Amino acid sequence: MRAPLSWIREFVEIPKNISVDQIAEGLVRVGFEVEEVIESGAGLTGPLKFAKVLTIEEVTEFKKPIRYVGLDCGEKEVRYVICGATNFAVGDLVVAALPGAVLPGDFKIAARETYGKTSNGMICSSRELGLGEDHSGIMVFAEGDVAIGSDAIAGLEINDTIFDIAVNPDRGYALSIRGIAREVAGALGLKFVDPIDALREVKFENTGTGVSAKIADPATASVFYLRTLSNFDPSARTPMWMHQRIEKMGMRSISLVVDVTNYVMLELGQPLHAFDKSKISGGLTIKRIGKAQPFTTLDGQVRQLDPDDLMVCDDKSPLALAGTMGGQSSEISETTTDIALEAVRFDPVCVAKNSRRHKLSSEASRRLERSVDPSLAEFASARFVQLLTANSSAKHVATVVAGEPRFAPVIKLDSAFIPKLLGLDVSPKEIARVLGIIGCDVDEKTFEVDPPSWRPDLLTPTDLAEEVARMIGYDKIPSILPPRPNHSSLTPTQKRRRAISAMLAARGLAEVQTFPFTNQETIDQMGFVGERAATYRIANPMSDELPLMRVHLVPGLIEVAARNISRGAKDFAIFEMGSIFRSSQKLVPAVSPLIGTRPDAKTISDIYGSVPPQAFHVAGLLVGKNEEENWQGKARAYTWQDAIAYAQDILRLCNLEWTVKRSDFAPWHPGRCAELIVDGKAVAHAGEIHPRIMAKYGLPERSVAFAVGLSALPDSQIVRPSSVGTMPAAVQDVALIVDAKISAQEVEQALRKGAGDLLESIKLFDRYDKIGDGKISLAFTLTFRASDRTLTGTEVSAMREAAVSMAEKATGAVLRTN
């Protein structure tokens, strides 16, 4: 949005001691980004004069059109210049740069020989003077607009400052000089003169019958002003001051009627559209078109209308794409004498849909889709009539109104709310003053706030608090760190999960995420039965092939492995953490409680009762080789010991004690599956995948997996501190012969129990199974240490013998002597 300072000054009394930089800083302070400050006329020096075209000699011996033009610049003699433009005629008034003038870009004007003639100056276009981008022809003025020989720099107000401002979507009112001027006044504490105040008393008598207006669906538009004018002279020209302001705003002057509609839109923010009344059949109605059909807009494009498009129609056909662009069939032309002016407060969503559906963003749609002041339809249309009748022969005929403006509701505000929210001491009197600056009506006794009609976004006390902060200045709010929440850290469960995930990743396993869905065929293939096969069916599955919630993580990992093997992967280890779903209880119907208040205990219970129980697991799959063959040794494939070791490492990381026993548990190989037990409850399984499953999915032989039910683990500290002994340790080795059916863990537990409190650690370092008779040999290293003294040989021998004795009693072990 461009805003010339000369236009802003009409509505704000800006003292001369306030600089352009201060104005830009003020706009930024209240939330408007000033993208660029354009100094119009920078680098331009005179003499620059208004001149009358006296003669035109066509120079024809060149490929492009060349004219030798005689000008009356208010001097004693005729001045001749060369010009390549053809859009002017004898008698027209133009702008001439005389020798000695410097145009923007350091383009110096001097008398010179060209095309066999002496050019004693230059006739200028808008772009050459830095007033706009239009370079299609020379600037042409009518008799009476300017005085021949007068200074064109002053007459065109070339020396001006133009602010290019980025306007946020919720600040639609600022897409007008009125809106920007109000913000400048508020930011700098200056007096603002609202141009609407001068229009409140403007009334026009009805002298005839105007075009009728109707809104078919009140949801699409709230108010529709339709003003009819007659006796318009199509030859009437746009006054120079209006022409210049429109061009400074980045738009192009077209014709008086169109220029006035654009001028009012830029000044007040209300888009207008003028129809040629002679091309209207009956009255105008705002309605949805209802059926697909072609429609030609003003830009000459034939667009295929959607049945949902909002249109302005007469009794026979659509005439305009509502709030976006008019139609070619009813546009203002060089023969128009009767005009119907439309001013409507359209529904922003309807206009936005029109614009996006047809990929047509216009100056009108950009304003209307951001919401326009509902009261502006009346005043903007009155301003149009005022300007058109003042600058042409047009006469007002009639004004017809359909609908009525709809405004935002009054807000009940607690004056203590805003200081509390902002963290800044703001008195009720200051709050009322600031809200008054932005246009609110505040009852300081009850603190009921009536938002201004141009701010439909002000609906709650929080919105008003934001406006107070914006106008006071965000820099005034102290920078204070918020208090530290009581529970800002992770929960113990979250810490445990992150530690396990980090440990597995550090060991070289890649984490994957799979969808928590499966099907009955997969459940059957894995060998799940009974409670482990019971799950929930999804009401609206993403795929008919996966209609059930998963009951285990390992099947998903197997499918991931099969997919990667099919793409060339050979040796890898993957893991996943996630929930599994087993139908252990009947769910109650889903509950959608009211959100205004806290639900009662029964509702909360029903909410939880409607959600499937979700156990959280971690599982891993190890495929192929763990170590590649090289000069140091042969390759080593993953084995069931690796899977069990990972499961044990997870329990060890959680600082838990466990026992291991054999298990026959799908989808593992019978006899090659271990079950890890904590506090008498199985919490993990690990081992070799069943050969049938490996063959089904094409996995390498001896692929192994582990799964740990994290939800089943008891709470424990992630870090368990231990003391570092300063006394020397005493190390003893013992080798025991036991039945092959006795596990090493049973023997270890017996030794630990018999060794006493001074046993620091025990470790199995050898297993020998060549003894025969169903016997094996297990060798352990026992480490003893006292915290306050060096243990004697007698003490160590006694503790060793006590440990062996306990093992003999508990497991039938015999001390090996050779």
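Look up a bit, the structure's there.
Residues numbered from 1 in each chain as written. Predicted model: local features only at pLDDT ≥ 70, side-chain atom pairs only at ≥ 80, totals over all residues. Heavy atoms only, no water.

Looking now at the pattern of salt bridges. Scanning the entire structure with this criterion turns up 42 salt bridges. In this structure, Lys248 and Asp160 form a salt bridge, with 3.0 Å as the shortest nitrogen-oxygen distance. Residue Lys248 is found in helix 5 (residues 240–248), and its partner Asp160 is found in strand 12 (residues 160–166); the two are separated by 88 residues along the sequence. For the pair shown, Lys248 and Asp160 are each scored as buried. Linked through salt bridges whose partners overlap, the residues forming this network are Asp170, Arg171, Glu183, Arg455, Asp457, Glu467 and Arg470. (Salt bridge = Lys/Arg side-chain N within 4 Å of Asp/Glu carboxyl O. Helix = DSSP H or I, 4+ residues; strand = E, 2+ residues; numbered from the N terminus. Buried < 20%, exposed > 50% of the residue type's maximum accessible area, 1.4 Å probe, protein only.)

This part covers empty space enclosed by the protein. Tallied over the entire structure, the rule returns 1 cavity of 30 Å³ or more. For the largest cavity, the calculated volume is near 120 Å³. The wall of the largest cavity is formed by 14 residues, among which Tyr173, Ser176, Leu268, Leu376 and Trp454 lie closest to the centre. Here the element with the most residues in the lining of the largest cavity is helix 4 (residues 177–188); it accounts for 3 residues. (1 Å grid on protein atoms, 1.4 Å probe; cavity = no way out; pocket = protein on both sides within 12 Å on 5 of 7 lines; lining within 4 Å. Points joined across faces, edges and corners; volume = space filled by probe spheres on them.)

Close contact between helix 13 (residues 492–506) and helix 17 (residues 640–653) brings their axes to 10 Å; oriented N to C, the two are set at 140°. Taken together, the axes of helix 13 and helix 17 are oblique relative to one another. For the pair helix 13 and helix 17, the sense of crossing is right-handed. For the pair helix 13 and helix 17, the contacting residues are Ala499, Ile500, Met503 and Leu504 in the first and Tyr646, Asp649, Ile650 and Leu653 in the second. In terms of residue class, the contact of helix 13 with helix 17 is made up of 7 nonpolar, no polar and 1 charged. (Axes fitted to C-alpha atoms, helices over the stretch in contact; angles between N-to-C directions. Parallel < 35°, antiparallel > 145°, perpendicular 65-115°, else oblique. Left-handed = near helix turned anticlockwise from the far one by under 90°. Contact = heavy atoms within 4.5 Å. Nonpolar A, V, L, I, M, F, W, Y, C, P; charged D, E, K, R; others polar.)

Formed by 108 residues in total, the largest nonpolar core has its most connected members in Phe346, Phe384 and Leu388. Among all residues touching Leu388, those that are not within four sequence positions of it are Leu229, Phe232, Leu256, Val257, Val260, Ile339 and Ala394. Leu676, Val683, Ala684 and Ala686 belong to the second-largest nonpolar core, a separate cluster that totals 31 residues. (Core = buried A, V, L, I, M, F, W, Y, C linked by side-chain atoms within 4.5 Å.)

This next bit is on the side chain of Thr285. Along the chain, the position of Thr285 falls in strand 16 (residues 284–288). If we skip the residues at most four places from it in the chain, Thr285 touches Lys214, Ala216, Met311, Val312 and Cys313.

With respect to the secondary-structure elements, Ala142 resides in the loop between strand 11 (122–123) and helix 3 (152–155). Taking the relative accessible area as the measure of exposure, Ala142 reaches 15% and is therefore buried. In sequence terms Ala142 and Ser371 are 229 residues apart; their C-alpha atoms lie 38 Å from each other.

Moving on to unusual backbone geometry. Following Ala666, the chain continues to Pro667 via a peptide bond in cis, the omega torsion being 10°. Relative to the elements of secondary structure, Pro667 occurs in the loop between strand 34 (659–663) and strand 35 (668–678). Phi angles above zero are rare outside glycine, and Ser371 is one such case at about 80°. By the secondary structure assignment, Ser371 is in the loop between helix 8 (363–368) and helix 9 (376–391).

To continue, consider a nonpolar patch on the surface. On the surface, Leu54, Val78 and Tyr80 cluster together into a nonpolar patch covering about 230 Å² of accessible area. Inspection of the secondary structure assignment puts Leu54 in strand 3 (residues 48–59). (Patch = residues over 30% accessible without salt bridge, like charges linked within 9 Å, V, L, I, M, F, W, Y side chains within 5 Å. Areas by Shrake-Rupley, 256 points an atom, 1.4 Å probe, with all protein chains shown as cover.)

To continue, consider the sheet that holds strand 19 (residues 310–313). As summarised here, the arrangement of the 5 strands in space is 13-16-19-20-21, forming an open sheet in which the pairing is mixed. The sheet is open, and its two edges are formed by strand 13 (213–215) and strand 21 (325–326), each paired on a single side. Pairing geometry for strand 13 and strand 16, over 3 bridges, is parallel. Paired with Lys214 across the strands is Thr285, a residue of strand 16. (Pairing = 2+ DSSP bridges.)

This part covers helix 6 (residues 256–268). What sets the pattern is the α-helix's 3.6 residues per turn: residues three or four places apart point alike. With 13 residues, helix 6 extends 18 Å between its outermost C-alpha atoms, agreeing within 8% with the 18 Å of an ideal straight helix rising 1.5 Å per residue. Taking burial as the measure, the 13 residues of helix 6 include 12 buried ones, the bulk of the element. Backbone geometry just downstream of helix 6 places Gly269 in the positive-phi region, at approximately 100°. (Expected span 1.5 Å × (residues − 1).)

Right, let's talk about the layout of surface pockets for a bit. In this structure, the largest pocket encloses a volume near 1600 Å³. Lining the largest pocket we find 39 residues, and of these Gln648, Val660, Ala744, Gln745 and Glu748 sit closest to its centre. Elements with a contribution of two residues or more to the lining of the largest pocket: helix 17, strand 34, strand 35, helix 19 (744–755), strand 39 (759–772) and strand 40 (775–784). Of the residues in the lining of the largest pocket, the class split is 17 nonpolar, 9 polar and 13 charged.

Here Ser365 lies in helix 8. For Ser365, a relative accessible area of 0% corresponds to the buried category. Other than its neighbours up to four places away in sequence, Ser365 contacts Gly323, Thr324, Val351, Ser355 and Leu360.

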